[in-house]
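# Fold and geometry: a report
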Amino acid sequence: MQFRGKSIKSIRPLEGGSEMDTAEIEPELITNLFDSAREKRRPVRYEDLPVMQVDAILSAEDKRFFEHGGFDFIRIAGAAWADIRHTSQHYQGASTITMQVARTFFLSTDRNWRRKLAEALISLELEQRFNKQQIFEMYANEVYLGNRGSFGIRGFSEASVAYFGKDMRELSLPECAYLAGIIRAPNYYSSADRHPERGAQARDRVLTQMLDNKYITAGDLEEAKKAPLKIVHASSSGREAPYFVDMVKDHLLDKYSENELLSQNFRVYTTLDPALERDAVAAIEAGMKNVDTLLQKRYDKWKRELAKKGSNEPVPEAQVALVALDPRNGEIKALVGGRDYGQSQLNHALAHRQPGSVFKPFVYAAAFDNAVDNVQPIITPATTIDDEPTTFEFDGKEYTPNNYSERFMGRVTVRDALTNSLNVATVKVAELIGYGRVVQVARQMGLGTNIQPTPSVALGAYEMTPVDVAAGYTTFATMGTRAEPQFIRSVVNSDGEVLEKFTPQTHAALDPRVAFLVDSLLKDVLNRGTGAAVRARGFTLPAAGKTGTSRDGWFAGFTSNLLCVVWVGFDDNRDLGFTGGAADAPIWADFMMKATSMSPYRDVKDFTMPDGVQSVVIDPESLQLATPNCPTTREEVYVAGSAPTDFCELHGGHGLSTSTGSVLSQVFGGQPKTTQTDTNPSVVMKSDPNRPPDATGQPGAADPNAQNADKKKNPLQKIFGIFGGKKKEPDKAKSKPEKGDSP
């Protein structure tokens, strides 16, 4: 298949190491006829162009083409008058077909006076060297007419096959009008298979112009408008992976010479999972309808504003990106870089944007890492922070962050700060450990060198791509090991020689104890925090994730074998106005529910507590070790050695000791138990407070190790366990709206 003048015969995804047909990625529209038109690129002669098509093109683009000498002064005057009346918008173009040919063959599309002057001079030269039929022929063969899948369509011969599956000599009047109508906004109108109203708009506009120019009658116009436009749908395989294919293309173009690509039959084996890619496309299509509904009032407002300016430009639509990869080896299994490849080929999965609160887990990872290195201050999930309006001073400047919706929670634990995505509390954590420490750990985990030690670093102010975010989160999903993203497994030439072979690139980037603590908090985000929409949509498997809201919406989350990042925002950086929990989390949940129903991703394991982590029962009010008199208790996890050592003084624990071997420590469980293989012992949690409810709505089953531990309790422990166990811990943060995310 061709791209940018080069040919690669086969790009193939691999699944389980087996070859798959090229059709898995290549659009099925590449029929024998389309192959012939693209590979041979035989230009269509002027005399072979259907008369209706010529009339439609002239009506749409340059009705006096055969009369002027390269410039249409009447058209120029009309365009100038239109621009004067609508000064804020480029309302009407003045380019003739000759000028468009000059621009297509010799110039860029930059709008400046130098390019316009060069275009004018070249147009004069073209009119001197070629006759009108030759110029029109060049135009008809090279004009850009949108995209189908990952292919750019050039010329009406290709377009007739791409859009209608037929030779251009077989086109009907409405089909000719539609193709001519594409020229004005090819990326917009080329998606008419999915947006029929766009096709009708392009067709009807040109039909009206053809009537004005007396090429058709009023009866022809009415009949043509009634005829349905039977535009061939872009193939599923070609449409759902064009951004991924572009990544493969770019790699090959950077790696191999033009001569090699044109002359050899390369086979490219990729990491793409076609079934997962289809699920990603389906989740995005459904999710973006929800986003459009949320934005409908703003869309209507923008339409009114454009109408006042006399502009018929389409209203900007929110864009989207989704990256799904295997966190264990970094293989990208699905990638969607936008909502409509035909409308925008920008791969948003590789676009740099502020990550907002999806960066916060890296801040808390840096904080928990202090306990591993025994560096003060020691921060644990139960460390308390004041969440209140605060102005921070740094480098002689003031920085005053705000929480989402300007809501503050007062004194909170670190766990609640991340669960509820509190901005001020997070900046305070970063200030406590030092902004440089945050940057150090973030870079250690493979994030960009552009991150700087400032207060705003805590809120994700430094840009990165969705692929970058996904790569960083592999460290959390694998208990400390980062996997570099990859999308190609091997490149093989026509002789079967392996030119490139890619193997997983992984390395230790974070202490497993720290990764587990962060995962514990991120599970709470889904179960009772800003990511609760995931559970509300029915996704109940063990998972962890984080919402993010900058000007855009984000959601990054993972199970033990699949990681997915979703981004939603506008190309022009206007504020989305909705949280990642509202815009992105539903897309993530729908995709992950589909993905985890398939065998490669179905076997989801809960996150295993590593050696060196202790779990103890604490009083949620005093945050000290619980006593039998504490009315409510909860379990908390710590890097071994950083757990509290005093019993709850609010409920009878004053003066009690947890020294090794004391009776009280054996009764109340304050001293960690030692396993035979654990020199840095941990206490296994009796039950996981972050485990999602089961089908009955009850808390998830306890860990089997915890059940065994329960059986080993001495009689006094069992007796004391009766008291204070019936009251349910108050839920202080039930599905609260997202509170934090960088401005």
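Bear in mind that the values here come from a model prediction, so they are computed numbers and not experimental data.

With that out of the way, let us pick up helix α15 (residues 274-294). The terminal C-alpha atoms of α15, which comprises 21 residues, lie 30 Å apart, in line with the 30 Å expected from a rise of 1.5 Å per residue. Taken as a whole, α15 has its buried residues at P274, L276, E277, D279, A280, V281, A283, I284, G287, M288, V291 and D292.

The next point concerns the sheet that holds strand β17 (residues 544-549). Pairing between sheet strands relies on hydrogen bonds along the backbone, with the strands arranged either parallel or antiparallel. With respect to topology, five strands assemble into an open sheet ordered β8-β7-β19-β18-β17, the strand pairing being antiparallel. At either end of the open sheet lies a strand with only one pairing partner, and these are β8 (332-336) and β17. Within the sheet, the average angular offset between the axes of one strand and its neighbour, ignoring direction, is 5°. Here four bridges tie strand β7 (residues 319-325) to β8, and the two strands are oriented antiparallel to one another. Counted as the bridge partner of L325 is I332 from β8. Sheet strands touched by helix α21 (residues 466-477): β7, β8, β17, β18 (553-558) and β19 (563-569). Its angle to β19, the strand with the most contacts, is close to 145°.

In this section: the packing of helix α17 (residues 360-373) against helix α20 (residues 435-444). The interhelical angle for the contact between α17 and α20, taken along N-to-C directions, is 95°, at an axis separation of 9 Å. Between α17 and α20, the angle is such that the two are roughly perpendicular. Mapping the contact onto sequence places V363, A366, D369, N370 and D373 in α17 and R437, V438 and V441 in α20. Its residues assigned to classes, the contact of α17 with α20 shows four nonpolar, one polar and three charged.

Moving on to the packing of aromatic side chains. Summed over all chains, the structure comprises 22 aromatic pairs. Plain terms: the ring middles of Y46 and F66 are 6.4 Å apart, the flat faces sit at 65° to each other, and that makes the pair edge-to-face. Taken as a pair, Y46 in the loop between α1 (32-40) and α2 (51-61) and F66 in the loop between α2 and α3 (73-85) lie far apart in primary sequence, 20 residues in all. What makes Y46 partly exposed here is its relative accessible area of 22%. Ring plane angle 80° and centroid distance 5.5 Å describe the contact between W302 and F570, whose orientation is recorded as edge-to-face. One end of the pair, W302, is in helix α16 (residues 296-308); the other, F570, is in the loop between β19 and α24 (580-583), and 268 residues separate them in sequence. For W302, a relative accessible area of 10% puts it in the buried group. Exposure remark for F570: the relative accessible area of 0% places this residue in the buried category. The ring of F65 carries K132 above its face, with NZ or CZ at 4.3 Å from the centroid. Here R574 stacks its cationic end above the ring of W302, 4.3 Å away from the centre of that ring.

Structurally, the position occupied by V616 is in strand β20 (residues 613-618). For V616, a relative accessible area of 2% gives the class buried. Note: C-alpha distance between V616 and P644 (28 residues apart in sequence) is 8.7 Å. Excluding residues within four positions of it along the chain, V616 makes contact with L625, R634, E635, E636, Y638, A643 and P644.

This part is about the pairing of β7. Each regular strand carries side chains that alternate between the two faces of the sheet. Within β7, seven of the seven residues are buried, which leaves the element mostly enclosed by the surrounding structure. Side-chain alternation along β7 places Q319, A321, V323 and L325 on one buried face and V320, L322 and A324 on a second face that is also buried. With seven bridges joining them, β7 and β19 adopt antiparallel strand pairing. Following the sheet pairing, L325 is matched in β19 by L563. Where β7 folds back onto β8 in an antiparallel hairpin, the turn is made up of six residues, including G330, whose phi is positive at roughly 80°.

At the junction of Q376 and P377, the peptide bond is cis and its omega measures out at -5° in the coordinates. Here P377 lies in the loop between α17 and β9 (384-387). Backbone geometry at N374 places phi at a positive 55°, although glycine is not the residue there. Locating N374 in the fold gives a position in the loop between α17 and β9. On the basis of relative accessible area, N374 is assigned to the exposed category, the value being 62%. Of note, L623 is a non-glycine position whose phi angle comes to about 65°, a positive value. Topologically, L623 is positioned in the loop between β20 and β21 (634-639).

The biggest cluster of nonpolar side chains holds 87 residues, and the ones touching the most others in it are L335, F359, F368, I451, Y473, F476 and F558. Each residue touching Y473, except ones within four places of it in the same chain, is listed here: V358, P361, F362, L522, K546, A556, F558 and L563.

Parameters at a glance
- Residues numbered from 1 in each chain as written.
- Predicted model: local features only at pLDDT ≥ 70, side-chain atom pairs only at ≥ 80, totals over all residues.
- Heavy atoms only, no water.
- Helix = DSSP H or I, 4+ residues; strand = E, 2+ residues; numbered from the N terminus.
- Expected span 1.5 Å × (residues − 1).
- Buried < 20%, exposed > 50% of the residue type's maximum accessible area, 1.4 Å probe, protein only.
- Pairing = 2+ DSSP bridges.
- Axes fitted to C-alpha atoms, helices over the stretch in contact; angles between N-to-C directions.
- Contact = heavy atoms within 4.5 Å.
- Parallel < 35°, antiparallel > 145°, perpendicular 65-115°, else oblique.
- Nonpolar A, V, L, I, M, F, W, Y, C, P; charged D, E, K, R; others polar.
- Phe/Tyr/Trp six-rings, centres within 6.5 Å; stacked < 30°, edge-to-face > 60°.
- Lys NZ or Arg CZ within 6 Å of the ring centre and 35° of its normal.
- Core = buried A, V, L, I, M, F, W, Y, C linked by side-chain atoms within 4.5 Å.

Nothing here speaks to function; it is geometry throughout.
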